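Chain and residue survey
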Amino acid sequence: MPVELRAELTQGSIFLAGEPLVCKICISNCDQTYESPMLAWASVQLICMCSITKAPAKASQAVNGETSFIANRGETGFTYISTKPSILFCNLVLPPGESKFYEYEESLPWDAPPSHRGAGIRYSYKLVLGVSSLLGKTQLLRLPFRVLSVHGIKRIDQTLSTGDDGGAASQANKANPFVDWHPANTDEASQEETILAQISAITGSKCLSGYNICNSQGGRVTRFSLFKTAYKLGENVLGVFDFADCTAQCLDVKVSLQSVETVYQTEDSGERKPVAYHTCTHAVEQLAALDLQAAQLLLHLKPSLTPSFATRHADLAWKLAFEFATLRQPINDRPAPLQPLATLWQPPATVATEHFEWELPITVYACSPQAITASSVSAYAPSCSIVLA
């Protein structure tokens, strides 16, 4: 007499922190002849597990045997977020072929960390549904989902209570004059819309910044221009190199899009002490810059990446890492660029070069969950089911 339990996330499998999560739950008696055995109870809750690499990995164990509902049973790490369990039913018996439907809704915490699988720390989210039969053990259905953090974004209720929107409305109008967004309209707008409006206000404004990059002798290698330093997932980091009228000749430039993960240990005083750093390169562009007047930089922020965040256990920051190779002495017999050669020019076998590095920090914000779902294949399925033994 099999009984099937199925859970489905109605909005998909990707959510913004602070956004409500809605799950539809169906329990069905697959037998068309006999009624199902009595199900004692069913309960559901959301959990976020945190696993730190240097911390001892321990699997959570049940304290009262296998008949109690412990959502983190068998999980690795420790529970970082756990909502209150919600009881769906008690003492349920299903007639032949009948199904029962339930709906579960829970808002994710505003300060929730994003789903992240880093070298030093990992955050993972799951919706856990437990069902216990009268004479059997508790069975768990785990439905993983992805969360995007909203670090650096003001809570809507705080904005309304203080009357200060931080200039978000005016910035949003400058970024997109066709969108009218004000905190007073949040009753009509969804939580996701108000969050994305603030992110668009921050990442939509462009202010060209120029950086004169010089070597150790003070010679200018290039002038690098960047249109903005705040980006959403899925956007391109676009910059321009200007090598004209520079006093030092640049042979090669390599730019890497990197995330820096800092793991902290919290002291008894509450102070955070960094204990590990992990740098990961996500995109690279290399340019042969000799005789170039200008060049363009384009690095793509994949939607699968993790936005910037800060928790009590770890921070994730983003940067552009530049590596330059310049000539120590100019090549005197080198022909002028774009001039016809009377004879074939043979470049020197070796040249004296100077290598140096430079970094430019940027901030990465979340984007619309629907944009991620439409642009790539998600690793999280919006539904799953089990057959109760």
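Within any chain, residue numbers begin from 1 and follow the written order of that chain's sequence. It should be noted that, the model being predicted, local features are given only for residues of pLDDT at least 70 and side-chain atom pairs only at 80 or more, the latter also being counted only at that level, while totals for whole chains, interfaces and linings use all residues. Side-chain measures here rest on the full set of heavy atoms in the structure, leaving out hydrogens and waters.

Under an unreviewed UniProt entry, the name given to the chain is Arrestin_C domain-containing protein, and the source organism is Macrostomum lignano.

So, the overall build of the chain
Our working definition: Secondary structure counts use DSSP, requiring at least four H or I residues in a row for a helix and at least two E residues in a row for a strand, with both numbered from the N terminus. Exposed residues in this analysis have more than 50% of their type's maximum accessible area, buried residues have under 20%, and partly exposed residues fall in between, with area computed by a 1.4 Å probe over protein chains only. We call two residues in contact whenever any of their non-hydrogen atoms come within 4.5 Å of each other.
Scanning the chain from terminus to terminus reveals 4 helices and 21 strands. A total of 389 residues make up the chain; the buried ones form 43% of that total. A sequence separation of at least 24 residues applies to 74% of the contacts in the chain between residues at least 6 apart.

Structural notes on the nonpolar core
Within soluble globular proteins, side chains that are nonpolar generally end up buried alongside one another. Threshold: As used in this record, nonpolar core signifies buried Ala, Val, Leu, Ile, Met, Phe, Trp, Tyr and Cys residues forming a set joined through side-chain atoms within 4.5 Å. Just so you know, the domain bounds were taken from an automatic or database domain assignment.
Of all hydrophobic cores here, the largest spans 87 residues; its most connected members are I25, I27, L127, F145, F241, L320 and F324. When residues of this core are assigned to domains, at least three map to each of domain 1 (3-150 + 371-388) and domain 2 (202-332 + 351-365). Ignoring anything within four residues of it in the chain, the contact list for F241 reads T222, R223, F224, V253, V255, L287, Q293, A294, A295, L297, F322 and F324. Residues M49, F69, V128 and L140 belong to the second largest nonpolar core, which totals 6 residues.

Points about the sheet that holds strand β3 (residues 20-29)
Spelled out, the test is: DSSP calls a pair of strands paired once it identifies at least 2 bridges connecting them. In this analysis an axis means a line fitted to C-alpha atoms, helices contributing only their contacting stretch, and an angle means the value between N-to-C directions, from 0 to 180 degrees.
Spatial strand order, β7-β3-β1-β21: 4 strands in an open sheet with antiparallel pairing. Each edge of the sheet is formed by a strand with only one pairing partner; in this case those strands are β7 (99-107) and β21 (383-388). Taking each pair of neighbouring strands and ignoring which way they run, the sheet shows an average axis angle of 15°. Note: strand β1 (residues 3-9) against β21, 6 bridges, orientation antiparallel. Pairing of R6 across the sheet is with S385, part of β21.

What to know about the sheet that holds strand β17 (residues 294-300)
In sheet architecture, strand pairing relies on hydrogen bonds along the backbone and comes in two forms, parallel and antiparallel. With antiparallel pairing, the 4 strands of this open sheet are ordered in space as β11-β12-β14-β17. Strands at the two margins of the open sheet, each flanked by one partner only, are β11 (209-214) and β17. Each adjacent strand pair in this sheet contributes to an overall mean axis angle of 25°, direction not counted. Sheet topology places β11 next to strand β12 (residues 220-226); 6 bridges connect them, and they run antiparallel. By the bridge assignment, G210 is partnered in β12 with S225.

Description of the side chain of E19
Put simply, the rule reads: Asp and Glu are treated as the negative residues and Lys and Arg as the positive ones, with His and the ends of the chain left uncounted. Salt bridges, as used here, are contacts in which a Lys or Arg side-chain nitrogen is within 4 Å of a carboxyl oxygen on Asp or Glu. In protein, a polar contact means a hydrogen-donor-capable atom and an acceptor-capable atom, both N or O and within 3.5 Å, with residues adjacent in sequence counting only if both atoms are side-chain atoms; elsewhere, any N or O pair within 3.5 Å suffices.
Secondary-structure assignment places E19 in the loop between β2 (14-16) and β3. Although E19 is buried, it makes no salt bridge; R146 carries the closest opposite charge, 11 Å away. Within polar-contact distance, the side chain of E19 engages the backbone nitrogen of L16 at 2.9 Å. Sequence-distant contacts of E19, that is, excluding residues within four places in its chain, are made with Q11, E106, S107, L108, Q191, E192 and P369.

Description of the environment of K154
Take K154: it is sitting in the loop between β10 (138-148) and α1 (156-162). Sequence spacing of K154 and Q198 is 44 residues, and the spatial spacing of their C-alpha atoms is 8.2 Å.

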